[in-house]
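# Close look at the chain arrangement
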Amino acid sequence: MTSGTRLLLIGPPGAGKGTQALELSRAFGIPAISTGDIFRHNVKNETPLGLQAKAFMDAGDNVPDSLTNDLITDRLADPDCGGGFLLDGYPRTPDQVRHLDDFLATHDTALDVVVQLVADPDVVVERLRLRAIDQGRSDDDESVVRHRLQVYQEQTAPLIDIFTSRGLVAPIDGIGDITEVTHRIMAALTARRITPS
Ligand code: ADP
(Lines give C-alpha, C1' and ligand atoms only; values in the text may rest on other atoms or scores of the structure.)
Protein backbone atom coordinates (compact mmCIF):
# COMPACT_ATOMS: atom_id res chain seq x y z
CA MET A 1 0.00 0.00 0.00
CA THR A 2 2.50 2.65 -1.05
CA SER A 3 1.12 4.34 -4.17
CA GLY A 4 -1.29 7.29 -4.26
CA THR A 5 -1.88 10.24 -2.00
CA ARG A 6 -2.79 10.11 1.70
CA LEU A 7 -4.41 13.27 2.99
CA LEU A 8 -6.03 14.43 6.20
CA LEU A 9 -8.47 17.32 6.43
CA ILE A 10 -8.61 18.96 9.83
CA GLY A 11 -10.54 21.99 11.05
CA PRO A 12 -13.43 23.05 13.26
CA PRO A 13 -17.03 21.98 12.62
CA GLY A 14 -18.48 24.11 9.85
CA ALA A 15 -15.10 24.91 8.26
CA GLY A 16 -16.17 23.19 5.05
CA LYS A 17 -14.23 19.93 5.39
CA GLY A 18 -16.94 17.77 3.84
CA THR A 19 -17.32 20.02 0.81
CA GLN A 20 -13.59 20.27 0.17
CA ALA A 21 -13.16 16.54 0.81
CA LEU A 22 -15.42 15.80 -2.16
CA GLU A 23 -13.52 18.23 -4.41
CA LEU A 24 -10.15 16.73 -3.45
CA SER A 25 -11.43 13.18 -3.72
CA ARG A 26 -12.47 13.89 -7.29
CA ALA A 27 -9.24 15.71 -8.19
CA PHE A 28 -6.99 12.96 -6.77
CA GLY A 29 -9.18 9.95 -7.58
CA ILE A 30 -9.08 8.76 -3.98
CA PRO A 31 -11.96 7.90 -1.60
CA ALA A 32 -13.05 10.60 0.85
CA ILE A 33 -13.70 8.92 4.18
CA SER A 34 -15.75 10.90 6.68
CA THR A 35 -16.12 9.25 10.08
CA GLY A 36 -19.06 11.62 10.74
CA ASP A 37 -20.84 10.40 7.57
CA ILE A 38 -20.19 6.76 8.44
CA PHE A 39 -21.57 7.29 11.95
CA ARG A 40 -24.64 9.17 10.61
CA HIS A 41 -25.30 6.33 8.14
CA ASN A 42 -25.14 3.81 11.00
CA VAL A 43 -27.42 5.92 13.21
CA LYS A 44 -29.97 6.21 10.39
CA ASN A 45 -29.95 2.45 9.82
CA GLU A 46 -30.02 1.71 13.55
CA THR A 47 -27.03 -0.62 13.36
CA PRO A 48 -25.32 -1.71 16.63
CA LEU A 49 -22.57 0.86 15.94
CA GLY A 50 -25.15 3.56 15.27
CA LEU A 51 -26.99 2.78 18.49
CA GLN A 52 -23.73 3.12 20.44
CA ALA A 53 -22.70 6.34 18.68
CA LYS A 54 -26.00 8.23 18.68
CA ALA A 55 -26.01 9.70 22.19
CA PHE A 56 -22.45 10.99 21.84
CA MET A 57 -23.22 12.60 18.48
CA ASP A 58 -26.46 14.21 19.64
CA ALA A 59 -24.61 15.72 22.60
CA GLY A 60 -21.81 17.00 20.32
CA ASP A 61 -19.23 14.80 22.04
CA ASN A 62 -16.69 12.61 20.33
CA VAL A 63 -17.66 8.99 19.92
CA PRO A 64 -15.28 6.86 22.04
CA ASP A 65 -11.88 6.23 20.46
CA SER A 66 -12.19 2.45 20.55
CA LEU A 67 -15.33 2.47 18.36
CA THR A 68 -13.91 5.06 16.01
CA ASN A 69 -10.53 3.37 15.63
CA ASP A 70 -12.13 -0.01 14.86
CA LEU A 71 -14.34 1.61 12.24
CA ILE A 72 -11.38 3.27 10.51
CA THR A 73 -9.27 0.09 10.58
CA ASP A 74 -12.07 -1.70 8.73
CA ARG A 75 -12.60 1.09 6.22
CA LEU A 76 -8.91 1.60 5.40
CA ALA A 77 -8.57 -2.14 4.75
CA ASP A 78 -11.04 -1.85 1.86
CA PRO A 79 -9.40 -2.32 -1.54
CA ASP A 80 -10.31 1.18 -2.74
CA CYS A 81 -7.94 2.68 -0.13
CA GLY A 82 -4.90 0.90 -1.60
CA GLY A 83 -4.25 3.79 -3.97
CA GLY A 84 -4.52 6.50 -1.33
CA PHE A 85 -7.32 8.12 0.65
CA LEU A 86 -8.54 11.31 2.23
CA LEU A 87 -9.67 11.29 5.86
CA ASP A 88 -12.21 13.93 6.88
CA GLY A 89 -12.85 14.21 10.63
CA TYR A 90 -10.34 11.55 11.67
CA PRO A 91 -8.10 11.55 13.66
CA ARG A 92 -9.74 13.80 16.26
CA THR A 93 -7.87 12.83 19.44
CA PRO A 94 -4.26 11.93 20.34
CA ASP A 95 -5.31 8.28 20.77
CA GLN A 96 -6.69 8.28 17.22
CA VAL A 97 -3.39 9.72 15.93
CA ARG A 98 -1.51 6.85 17.60
CA HIS A 99 -3.92 4.35 16.08
CA LEU A 100 -3.54 5.82 12.60
CA ASP A 101 0.26 5.95 12.97
CA ASP A 102 0.30 2.25 13.88
CA PHE A 103 -2.00 1.36 11.01
CA LEU A 104 0.11 3.23 8.46
CA ALA A 105 3.38 1.81 9.83
CA THR A 106 1.98 -1.72 9.68
CA HIS A 107 1.09 -1.13 6.05
CA ASP A 108 4.46 0.40 5.31
CA THR A 109 3.07 3.77 4.31
CA ALA A 110 2.70 7.33 5.64
CA LEU A 111 0.68 10.51 5.34
CA ASP A 112 1.61 13.01 2.65
CA VAL A 113 -0.06 16.12 4.04
CA VAL A 114 -2.54 17.47 6.58
CA VAL A 115 -4.76 20.22 5.16
CA GLN A 116 -5.87 22.51 7.99
CA LEU A 117 -8.99 24.51 7.12
CA VAL A 118 -8.90 27.69 9.17
CA ALA A 119 -12.18 29.47 9.97
CA ASP A 120 -13.25 31.98 12.58
CA PRO A 121 -15.64 30.53 15.24
CA ASP A 122 -18.28 33.24 14.56
CA VAL A 123 -18.32 32.33 10.88
CA VAL A 124 -18.67 28.62 11.51
CA VAL A 125 -21.48 29.12 14.04
CA GLU A 126 -23.39 31.12 11.43
CA ARG A 127 -22.73 28.53 8.70
CA LEU A 128 -23.97 25.74 10.96
CA ARG A 129 -27.05 27.78 11.90
CA LEU A 130 -27.94 27.94 8.21
CA ARG A 131 -27.17 24.23 7.74
CA ALA A 132 -29.48 23.41 10.66
CA ILE A 133 -32.33 25.12 8.79
CA ASP A 134 -31.36 23.52 5.48
CA GLN A 135 -30.48 19.94 6.48
CA GLY A 136 -31.89 19.51 9.98
CA ARG A 137 -28.86 17.74 11.42
CA SER A 138 -29.67 17.04 15.07
CA ASP A 139 -26.22 18.19 16.24
CA ASP A 140 -26.48 21.58 14.50
CA ASP A 141 -28.65 23.04 17.26
CA GLU A 142 -26.85 26.20 18.48
CA SER A 143 -25.94 25.03 21.99
CA VAL A 144 -24.68 21.70 20.62
CA VAL A 145 -22.67 23.58 17.97
CA ARG A 146 -20.96 25.64 20.70
CA HIS A 147 -20.14 22.43 22.55
CA ARG A 148 -18.74 20.81 19.38
CA LEU A 149 -16.48 23.84 18.89
CA GLN A 150 -15.28 23.51 22.47
CA VAL A 151 -14.60 19.77 22.00
CA TYR A 152 -12.68 20.64 18.83
CA GLN A 153 -10.55 23.22 20.68
CA GLU A 154 -9.81 20.89 23.58
CA GLN A 155 -9.33 17.54 21.86
CA THR A 156 -8.56 18.12 18.19
CA ALA A 157 -6.80 21.50 17.82
CA PRO A 158 -3.73 20.15 19.72
CA LEU A 159 -3.25 17.59 16.94
CA ILE A 160 -2.23 20.43 14.63
CA ASP A 161 0.93 20.92 16.72
CA ILE A 162 1.73 17.21 16.46
CA PHE A 163 1.40 17.25 12.67
CA THR A 164 3.18 20.62 12.37
CA SER A 165 6.19 19.16 14.19
CA ARG A 166 6.23 16.47 11.49
CA GLY A 167 6.22 19.14 8.78
CA LEU A 168 2.90 17.95 7.41
CA VAL A 169 0.49 20.86 7.93
CA ALA A 170 -0.71 23.13 5.12
CA PRO A 171 -2.91 25.84 6.73
CA ILE A 172 -5.59 27.12 4.35
CA ASP A 173 -7.98 30.04 4.82
CA GLY A 174 -11.40 28.37 4.68
CA ILE A 175 -13.36 31.59 4.21
CA GLY A 176 -14.50 32.33 0.66
CA ASP A 177 -16.22 30.64 -2.27
CA ILE A 178 -16.00 26.86 -2.44
CA THR A 179 -13.98 26.97 -5.67
CA GLU A 180 -11.67 29.65 -4.31
CA VAL A 181 -10.90 27.54 -1.23
CA THR A 182 -10.34 24.47 -3.46
CA HIS A 183 -7.87 26.48 -5.54
CA ARG A 184 -6.01 27.56 -2.40
CA ILE A 185 -5.72 23.94 -1.29
CA MET A 186 -4.59 22.73 -4.72
CA ALA A 187 -1.97 25.50 -4.89
CA ALA A 188 -0.62 24.59 -1.44
CA LEU A 189 -0.46 20.92 -2.42
CA THR A 190 1.28 21.70 -5.71
CA ALA A 191 3.85 23.78 -3.78
CA ARG A 192 4.52 20.61 -1.77
CA ARG A 193 4.77 18.59 -5.00
CA ILE A 194 1.58 16.75 -4.17
CA THR A 195 -0.32 16.43 -7.42
CA PRO A 196 -2.85 13.96 -8.81
CA SER A 197 -0.95 11.08 -10.40
P1 ADP B 1 -18.20 18.24 12.29
O2 ADP B 1 -16.78 18.24 11.81
O3 ADP B 1 -19.01 19.34 11.70
O4 ADP B 1 -18.32 18.17 13.80
P5 ADP B 1 -18.58 15.45 11.55
O6 ADP B 1 -19.55 14.94 10.55
O7 ADP B 1 -17.12 15.29 11.25
O8 ADP B 1 -18.96 16.97 11.75
O9 ADP B 1 -18.85 14.75 12.97
C10 ADP B 1 -20.13 14.70 13.55
C11 ADP B 1 -20.06 13.91 14.86
O12 ADP B 1 -19.63 12.56 14.59
C13 ADP B 1 -19.06 14.42 15.89
O14 ADP B 1 -19.57 15.47 16.68
C15 ADP B 1 -18.78 13.15 16.69
O16 ADP B 1 -19.83 12.87 17.60
C17 ADP B 1 -18.80 12.07 15.63
N18 ADP B 1 -17.43 11.83 15.07
C19 ADP B 1 -17.05 12.05 13.78
N20 ADP B 1 -15.76 11.72 13.62
C21 ADP B 1 -15.30 11.31 14.83
C22 ADP B 1 -14.03 10.86 15.32
N23 ADP B 1 -12.96 10.78 14.52
N24 ADP B 1 -13.94 10.54 16.63
C25 ADP B 1 -15.00 10.61 17.44
N26 ADP B 1 -16.22 11.02 17.06
C27 ADP B 1 -16.38 11.38 15.76
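For the structure, check the block above.
Described below are features of the structure shown in this document.

Time to look at helix α5 (residues 94–106). Compared with an ideal rise of 1.5 Å per residue, which puts 13 residues at 18 Å, α5 spans 18 Å between its outermost C-alpha atoms and is within 8% of the ideal. Of all the positions in α5, only Q96, V97, L100, F103 and L104 are classed as buried. The arc that holds the buried residues of α5, viewed along the axis, is 125°, so those residues lie on one side. Opposite the packed face of α5, turned more than 90 degrees from it, sit the exposed residues D102, A105 and T106. Considering only its buried residues, α5 is in contact with β1 (5–10), α4 (65–76), β3 (84–88) and α7 (142–165). Taken from the residues just after α5, D108 is the one with a positive phi, measuring 55°.

This next bit is on the environment of S3. Following the sequence through the fold, S3 ends up in the segment before β1. Along the chain, S3 and G82 lie 79 residues apart, while their C-alpha atoms are 7.4 Å from each other. Each residue touching S3, except ones within four places of it in the same chain, is listed here: G82, G83 and G84.

The next point concerns unusual backbone geometry. Look at the link from Y90 to P91: it is a cis peptide, with omega at -5°. Inspection of the secondary structure puts P91 in the loop between β3 and α5. Here R193, not a glycine, exhibits a phi torsion of approximately 60°, which is positive. Structurally, the position occupied by R193 is in the segment after α8 (178–191).

Cut-off values and rules
Residues numbered from 1 in each chain as written. Predicted model: local features only at pLDDT ≥ 70, side-chain atom pairs only at ≥ 80, totals over all residues. Heavy atoms only, no water. Helix = DSSP H or I, 4+ residues; strand = E, 2+ residues; numbered from the N terminus. Expected span 1.5 Å × (residues − 1). Buried < 20%, exposed > 50% of the residue type's maximum accessible area, 1.4 Å probe, protein only. Arc of directions from axis to C-beta. Contact = heavy atoms within 4.5 Å.

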